[in-house]
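Below, each chain spelled out in residue letters.
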Amino acid sequence: MNTLHPYKQQRQEQEQEQEEEARHEWDLSLSTVVSSSSSSASDVIGAIEFDPTDNIVATAGISRKIRFYGLPSLLRNSATVVVVGGGVSFVDQATACEYYICTPAKLSSLRWRPGSGGRVIGSGDYDGVVTEYDLEKRTPVFERDEHGGRRVWSVDYTRHGGVSAIGASGSDDGTMQVWDPRCPPEESLGVVRPAGICRSAVCCVEFDPSGGPAVAVGCADRKGYIYDMRKLVDPALTLQGHNKTVSYVRFLDGGTVVTAGTDGCLKLWSVEDGSVIRTYEGHVNSRNFVGLSVWRNGALFGCRSENNKVFVYDKRWGKPVWVDGFEPVGMNSGSDKRFVSSVCWRQSGVDQCTLVAGGSDGVLQVYVGKRKPCYYSP
């Protein structure tokens, strides 16, 4: 008869207890649906971002517009919101959108610039250009075009060392460009080619949100990389384990990062030694970039799926803890071809959470969650 060593048995019991908590700790539900003014693929939402106050939501994509919504107005009943069965609110995009900025190209990424008081937002577009917009003037104030016309997949900023925000962009040209918005566009702080001469596309860049010197990169060569901003020549760590393109990399905390791959799984990694802590499976992803967002306070991951559903994972369990589908919204045709195209967590809160998801037809869905009473944080 085989028996486990007491230590291994205790560890197994602890893991089982954590998995059970992960499966039942949160109560998530659909709160609001913002309908789209378009019924075609011309309104695909490719990026969703919350402002530093977590009260403004910005979206961008194929429509060549950056739209801005006030989250509080989406989460309360008003004369412009129609509440249907189950408590789900429906609101028209034209009514919900507070204002928008037209852009010269299709956008793939958005990020608010730190230190701007929520006044400046950066974007990356399909033409390889990084542009910053002044939201008070609603005009571009900064532009970089160093990716040779190849699509910019990702833009991010850091304030490591207490200096002004430093930016980085990843592109189909196989580079991560690092730059300072205060300097002329032709000046660069560094150019990184993670895949070397192979020039595999850089699909995602993200700085350590805690202000540390690390920057994570996801690459089409099936690897993730961690670089130290103080020495960008070689990666400090290589994350090797996905079988296809690493489309997203997100810091969960100072010691771990989460990656998404087009091999249909997420992975949690240790940034100490590059080892895989856990693999998460359940969503469908073999062709498109299905998005990845982490809620750091609750250690939850949100991603979209090619079967038109939103998946939520808890870091403690390798299976989804919650799944919800994007249903057709009346006037929209071709619903069988719709897919969830972007997700973003609001970072505020401990016992309550908000997840915003965007569809390939421009529809926004706002989800809210509460920690169940028996799991409240002390």
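Conventions and cut-offs
- Residues numbered from 1 in each chain as written.
- Predicted model: local features only at pLDDT ≥ 70, side-chain atom pairs only at ≥ 80, totals over all residues.
- Heavy atoms only, no water.
- Helix = DSSP H or I, 4+ residues; strand = E, 2+ residues; numbered from the N terminus.
- Buried < 20%, exposed > 50% of the residue type's maximum accessible area, 1.4 Å probe, protein only.
- Areas by Shrake-Rupley, 256 points an atom, 1.4 Å probe, with all protein chains shown as cover.
- Pairing = 2+ DSSP bridges.
- Salt bridge = Lys/Arg side-chain N within 4 Å of Asp/Glu carboxyl O.
- Contact = heavy atoms within 4.5 Å.
- Axes fitted to C-alpha atoms, helices over the stretch in contact; angles between N-to-C directions.
- Polar contact = N/O pair within 3.5 Å; in protein donor to acceptor, adjacent residues only side chain to side chain.
- Core = buried A, V, L, I, M, F, W, Y, C linked by side-chain atoms within 4.5 Å.
- Phe/Tyr/Trp six-rings, centres within 6.5 Å; stacked < 30°, edge-to-face > 60°.
- Lys NZ or Arg CZ within 6 Å of the ring centre and 35° of its normal.
- pLDDT = per-residue confidence, 0-100.

Undergrad: I tried to follow the overall build of the chain on my own but got confused; where do I start?
TA: A tally of regular secondary structure across the chain gives three helices and 30 strands. Among the 378 residues that make up the chain, the fraction classed as buried is 53%. Total accessible area on the chain stands at roughly 16,600 Å², and carbon and sulfur atoms take up 46% of it.

Undergrad: So what exactly am I meant to see when it comes to the pairing of strand β8 (residues 107-112) here?
TA: The two faces of the sheet receive side chains in turn, since in a regular strand these alternate between them. Within β8, six of the six residues are buried, which leaves it mostly tucked inside the rest of the structure. Note: β8 against strand β9 (residues 120-125), five bridges, orientation antiparallel. Its bridge partner lying in β9, Ser-109 is registered against Gly-124.

Undergrad: How do you make sense of the pairing of strand β3 (residues 56-61) when you look at a structure like this?
TA: Judged by how many residues are buried, β3 sits mostly within the fold: five of six residues are covered. Here β3 pairs with strand β4 (residues 65-70) via four bridges, running antiparallel. Each bridged residue has a counterpart across the sheet, and for Thr-59 the counterpart in β4 is Arg-67. Joining the antiparallel neighbours β3 and β4 is a turn of three residues, in which Arg-64 adopts a positive phi near 60 degrees.

Undergrad: Explain the pattern of salt bridges here, please?
TA: Oppositely charged side chains can pair when the atoms bearing their charge come close. Overall, the coordinates contain 16 salt bridges when judged by the stated rule. Asp-43 is the partner of Arg-67 in a salt bridge, and the nearest nitrogen-oxygen pair spans 3.1 Å. Here Arg-67, found in strand β4, pairs with Asp-43, found in the loop between β1 (26-35) and β2 (45-50); they are 24 residues apart in sequence, far enough to count as distant. Summarising the burial analysis for this pair, Arg-67 and Asp-43 share the class buried.

Undergrad: Just checking my understanding: could you explain the environment of Gly-149 for this structure?
TA: Within the secondary structure, Gly-149 is located in the loop between β11 (139-144) and β12 (152-158). Looking at Gly-149, the relative accessible area reads 44%, which means it is partly exposed. For the pair Gly-149 and Gly-128, spaced 21 residues apart in the sequence, the C-alpha separation amounts to 4.4 Å. Here Gly-149 is in contact with Tyr-126, Asp-127 and Gly-128, once residues within four sequence places are set aside.

Undergrad: Would you mind going over the sheet that holds β11 with me for this structure?
TA: Sheets are built from strands paired through backbone hydrogen bonds, the pairs being either parallel or antiparallel. Spatial ordering of the open sheet is given by β8-β9-β10-β11, a layout of four strands whose pairing is antiparallel. Here the strands that pair on one side only, and so sit at the sheet edges, are β8 and β11. For this sheet the average axis-to-axis angle between neighbouring strands, irrespective of direction, equals 25 degrees.

Undergrad: Looking at this structure, I do not really get the sheet that holds strand β13 (residues 166-171). What am I missing?
TA: Strand order in the open sheet formed by four strands is β12-β13-β14-β15, with antiparallel pairing between adjacent strands. Whereas interior strands pair on both sides, the edge strands pair on one side only; in this sheet they are β12 and β15 (190-192). With direction set aside, neighbouring strand axes in the sheet form an average angle of 15 degrees. Alignment of β13 against strand β14 (residues 176-179), held across four bridges, turns out to be antiparallel. Its bridge partner lying in β14, Gly-170 is registered against Met-176.

Undergrad: Where do I start with the side chain of Ser-341 in this structure?
TA: Examined against the element boundaries, Ser-341 turns out to sit in strand β28 (residues 340-345). In this structure Ser-341 comes out as buried when scored by relative accessible area, which is 2%. A polar side-chain atom of Ser-341 sits 2.6 Å from the main-chain carbonyl oxygen of Ile-45. What Ser-341 contacts, discounting residues up to four positions off in sequence, is Val-44, Ile-45, Gly-46, Arg-304, Gly-358, Gly-359 and Ser-360.

Undergrad: What is the right way to read unusual backbone geometry from this model?
TA: One non-glycine residue, Ala-299, lies in positive phi territory at about 55 degrees. Assignment of secondary structure puts Ala-299 in the loop between β24 (293-295) and β25 (300-304). Residue Ala-299 is classed as buried on the basis of its relative accessible area of 14%.

Undergrad: What should I look at first to understand the nonpolar core in this one?
TA: Soluble globular proteins tend to pack their nonpolar side chains together in the buried interior. One finds Val-310, Val-312, Trp-345, Leu-355, Ala-357 and Tyr-367 to be the most contacted residues of the largest nonpolar core, which totals 17 residues. Looking at this core, the elements with two or more residues in it are β1, β26 (309-314), β27 (320-325), β28 and β29 (352-359). Leaving out residues up to four positions away in the same chain, Trp-345 has contacts with Phe-50, Ser-293, Val-294, Trp-295, Leu-300, Phe-301, Gly-302, Val-312, Cys-353, Thr-354 and Leu-355.

Undergrad: How should I be thinking about the packing of aromatic side chains in this particular structure?
TA: The description of two aromatic rings rests on the distance between their centres and on the angle between their planes. Within the structure shown, the criterion is met by 11 aromatic pairs. On the basis of an interplanar angle of 40 degrees and a centroid distance of 6.3 Å, the ring pair of Tyr-225 and Tyr-227 is categorised as tilted. What links up through ring pairs into an aromatic cluster is the set Tyr-280, Phe-301, Phe-311 and Tyr-313. Stacked on the ring of Tyr-99, the Lys or Arg Arg-138 has its end atom at 3.9 Å from the ring centre.

Undergrad: Looking at this structure, how should I read the side chain of Asp-180?
TA: Mapped onto the secondary structure, Asp-180 falls in the loop between β14 and β15. Once residues lying within four places of it in the same chain are set aside, the contact partners of Asp-180 are Phe-142, Ala-165, Ile-166 and Leu-189.

Undergrad: Hey, could you run me through the environment of Ser-109 in this one?
TA: Take Ser-109: it is sitting in strand β8. Expressed as a C-alpha distance, the spacing of Ser-109 and Thr-59, which sit 50 residues apart in the sequence, is 9.1 Å. The residues touching Ser-109, leaving out its near neighbours within four places in the chain, are Ala-47, Gly-122, Ser-123, Gly-124, Val-152, Trp-153, Ser-154 and Val-155.

Undergrad: Which parts of the structure should I look at to understand the confidence of the model for the chain?
TA: In low-pLDDT regions, the fine details of the predicted coordinates are not to be read closely. Put simply, the chain has an average pLDDT of 86, and 85% of its residues get 70 or more. This model gives residues 330-335 a pLDDT under 50, and the stretch forms eight contacts once residues within four places in sequence are excluded.

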